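Spelled out, the chains give:
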Amino acid sequence: MGTTMPEKGTNWAALKAEMTERTQGDVKWRDGKTAVYVFNAGPDVAEVQKEAYTMFMSENGLGPLAFPSLKQMEDEVVGMGLSLLHAPEGGAGNITSGGTDSITMAVKTARDYARKEKGVTGRCNIVAPFSAHPAFDKAAKMMEIEIRRVPCADLVADVAAMEKAVDGNTIMLVGSAPCFPYGLIDPIAALGEMAERKGLWLHVDACVGGYIAPFVRMNGGDIPPFDFAVPAVHSMSADLHKYGYCAKGASTVLYRSEDLRAHMIFDCADWPGGRMVTPTLAGTRPGGAIAAAWAVMNFLGVEGYRAKHKLVTDAREAIEAGVTRLGFRILGRPQLGLIAFTHDEVDPFAVWGKLFERGWFTSLTTEPKGLHLMLSPFHAQVTDTYLADLEWALGEVKAGNAGKKREARYS
Ligand SMILES: Cc1ncc(COP(=O)(O)O)c(C=O)c1O
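Quick look at the structure, then. (Residues numbered from 1 in each chain as written. Predicted model: local features only at pLDDT ≥ 70, side-chain atom pairs only at ≥ 80, totals over all residues. Heavy atoms only, no water.)

Quick look at the site of the ligand
In step 1: Of all residues adjacent to the ligand, which total 14 residues, the nearest are G99, T100, D205, H241 and K242.
In step 2: Side-chain polar atom of D205 to a nitrogen atom of the ligand: 2.6 Å apart, as the coordinates give it.
In step 3: With respect to the ligand, the side chain of K242 contributes an N or O atom lying 2.8 Å from an oxygen atom.
In step 4: Contact with the protein chains hides 88% of the accessible area of the ligand, taken as 390 Å² for the molecule alone.
In step 5: Per-element accounting of the shell around the ligand gives the leading share, three residues, to helix α4 (residues 99-117).
In step 6: Taken together, the residues of the shell around the ligand break down into six nonpolar, five polar and three charged. (Near = heavy atom within 4 Å. Polar contact = N/O pair within 3.5 Å; in protein donor to acceptor, adjacent residues only side chain to side chain. Areas by Shrake-Rupley, 256 points an atom, 1.4 Å probe, with all protein chains shown as cover. Helix = DSSP H or I, 4+ residues; strand = E, 2+ residues; numbered from the N terminus. Nonpolar A, V, L, I, M, F, W, Y, C, P; charged D, E, K, R; others polar.)

Things to note about empty space enclosed by the protein
In step 1: Taken as a whole and assessed by the stated rule, the structure comprises three cavities of 30 Å³ or more.
In step 2: Considering only enclosed or pocket space, the largest cavity measures out at about 50 Å³ in volume.
In step 3: G32, A35, I319, W360, L373, L375, H379, V382, T383 and Y386 together form the lining of the largest cavity.
In step 4: Per-class residue counts for the lining of the largest cavity are seven nonpolar, three polar and no charged. (1 Å grid on protein atoms, 1.4 Å probe; cavity = no way out; pocket = protein on both sides within 12 Å on 5 of 7 lines; lining within 4 Å. Points joined across faces, edges and corners; volume = space filled by probe spheres on them.)

Considering the sheet that holds strand β11 (residues 338-343)
Whenever strands of a sheet pair, they do so through backbone hydrogen bonds, lying parallel or antiparallel.
In step 1: Spatially, the four strands line up as an open sheet ordered β10-β11-β13-β12, and their pairing is antiparallel. Two strands in the sheet have a free side with no partner beyond their single neighbour: β10 (328-330) and β12 (363-366). Taking each pair of neighbouring strands and ignoring which way they run, the sheet shows an average axis angle of 35°.
In step 2: Bridge count for β10 against β11 is three bridges, and the pairing is antiparallel. Within β11, the residue paired with R329 across the bridge is T342.
In step 3: Packed on one face of the sheet, helix α11 (residues 348-357) meets β10, β11, β12 and β13 (369-374) and runs near 45° to β13. (Pairing = 2+ DSSP bridges. Axes fitted to C-alpha atoms, helices over the stretch in contact; angles between N-to-C directions. Contact = heavy atoms within 4.5 Å.)

Concerning the sheet that holds strand β2 (residues 125-129)
In step 1: Across the sheet, which stays open at both edges, the seven strands sit in the order β1-β7-β6-β5-β4-β2-β3 with mixed pairing between neighbours. Either end of the sheet is taken by a strand with one partner, and the two such strands are β1 (92-96) and β3 (146-150). The mean inter-strand angle of the sheet, taken between neighbouring strand axes irrespective of direction, is 20°.
In step 2: The sheet contact formed by β2 and β3 spans five bridges and is parallel. Its bridge partner lying in β3, I126 is registered against I147.
In step 3: Sitting on the sheet, helix α5 (residues 135-142) is in contact with β3, β4 (170-176) and β5 (202-205), with an inclination near 155° to β3.
In step 4: Set on the sheet, helix α7 (residues 188-198) makes contact with β4, β5 and β6 (233-239); between it and β4 the angle comes to about 165°.

A few points about the pattern of salt bridges
In step 1: Taken as a whole, this structure holds 25 salt bridges when the rule is applied.
In step 2: Taken together, the shared-partner salt bridges connect E163, E193, R197 and K198 into one network. (Salt bridge = Lys/Arg side-chain N within 4 Å of Asp/Glu carboxyl O.)

Observations regarding the packing of helix α3 (residues 68-84) against helix α10 (residues 287-325)
In step 1: Look at α3 against α10: their axes get within 9 Å of each other, and the N-to-C directions meet at 50°. Here α10 runs oblique to α3, going by the angle between their axes. The handedness of the crossing between α3 and α10 is left-handed. On α10, the residues that touch L70, M73, E74, E76, V77 and M80 of α3 are G287, I290, A291, A293, W294, M297 and N298.
In step 2: The residue inventory of the contact of α3 with α10, partitioned by class, reads nine nonpolar, two polar and two charged. (Parallel < 35°, antiparallel > 145°, perpendicular 65-115°, else oblique. Left-handed = near helix turned anticlockwise from the far one by under 90°.)

Describing the side chain of R256
In step 1: Counting through the fold element by element, R256 comes out in the loop between β7 (251-255) and α9 (258-261).
In step 2: For the buried R256, which has no salt bridge, the nearest side chain bearing the opposite charge is D227, at an N-O separation of 7.3 Å.
In step 3: One polar contact links the side chain of R256 to the main-chain carbonyl oxygen of F228, over a distance of 2.6 Å.
In step 4: Not counting the four nearest positions on each side in its chain, R256 is found in contact with P88, G90, G91, F228, V230, P231, V233 and H234. (Buried < 20%, exposed > 50% of the residue type's maximum accessible area, 1.4 Å probe, protein only. Lys, Arg positive; Asp, Glu negative; His and termini not counted.)

Structure follows, in structure tokens:
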């Protein structure tokens, strides 16, 4: 089988065997040695994801009249997101295909709002901390918006420095809850205070944190205000396919009000196929992703999420203690499921190479150079193995036996 289409088809059993064979080179994430790209919430959640997804995998969220079931599920998922994140009565949002999609739509919405409601003309800009996700740059590039990345202070958004970067064409301020590189929550309340003073749209990127931080708080974590509880927060991105443990291809983009969301909607009748009204970037919207999100959220409920996330924070705390014992320095004070740590004497990238030899696939940070983990509930079972392998890897690097070096890239 190759890159040209075969003349004759192949039976499914043979194809399945071929596909299984091809996974031999992939990371073995089910054994818990991968801490990036995938979330392993356990077989109970996986079964619900899979069954709900396949039930609706041919249905299309583009057609709410044809599939009121999907519309109802989307509304209920969005409602759960809005209430978890303290949106006021009248908050609104949609399911998108992922974090980048949610961020792109929020940027487009903020831009159209600024043009229409505030009379902003000319080239717009977004002011974001250095640690914000590149999805903002991608969206900005597509819409010819300037992105002003401002250096962080102590690894989180520097509000005073961000204020200096703002001007009359700023359409959005960004804060992350948390940022991906360090897993730290930006000072959203202080950003909100500045945004209010300046009359600016504040977007909180809670792609990673939106569906874990509320539950960590319920479990007793001292999570600072990071959501619509901060009055200047106009919009949020919160991914269902990350710590919502839903199937891939699902995020939420949320707004403080329907009036704000209205600037997101694309409505076009200027073609012979009839009026096309879509809330998000997609035309066809996979019913499976919407259905799986609805099913997982209702399967877990508040109790289920609290229990799964407790495993995540327990794993993070065990790893924090272990790596500190080994001489690593944790970057900041992570509170959720992401953690990054550096070492003052050895090259963390060389340590990564040795861990890779033992089957670990994790991420890296570049400033400073560090090891990075995005933890899932399943990792609670493998913290001892990780720490033992890390100790071995560190010893190897100290002894001059550095292995494969890895370029720090996310994809
Ligand atoms: C903080 C943050 N925002 C946005 C994104 C983009 O999400 P996606 O990969 O679903 O497009 C990510 C992805 O890791 C992220 O960590």
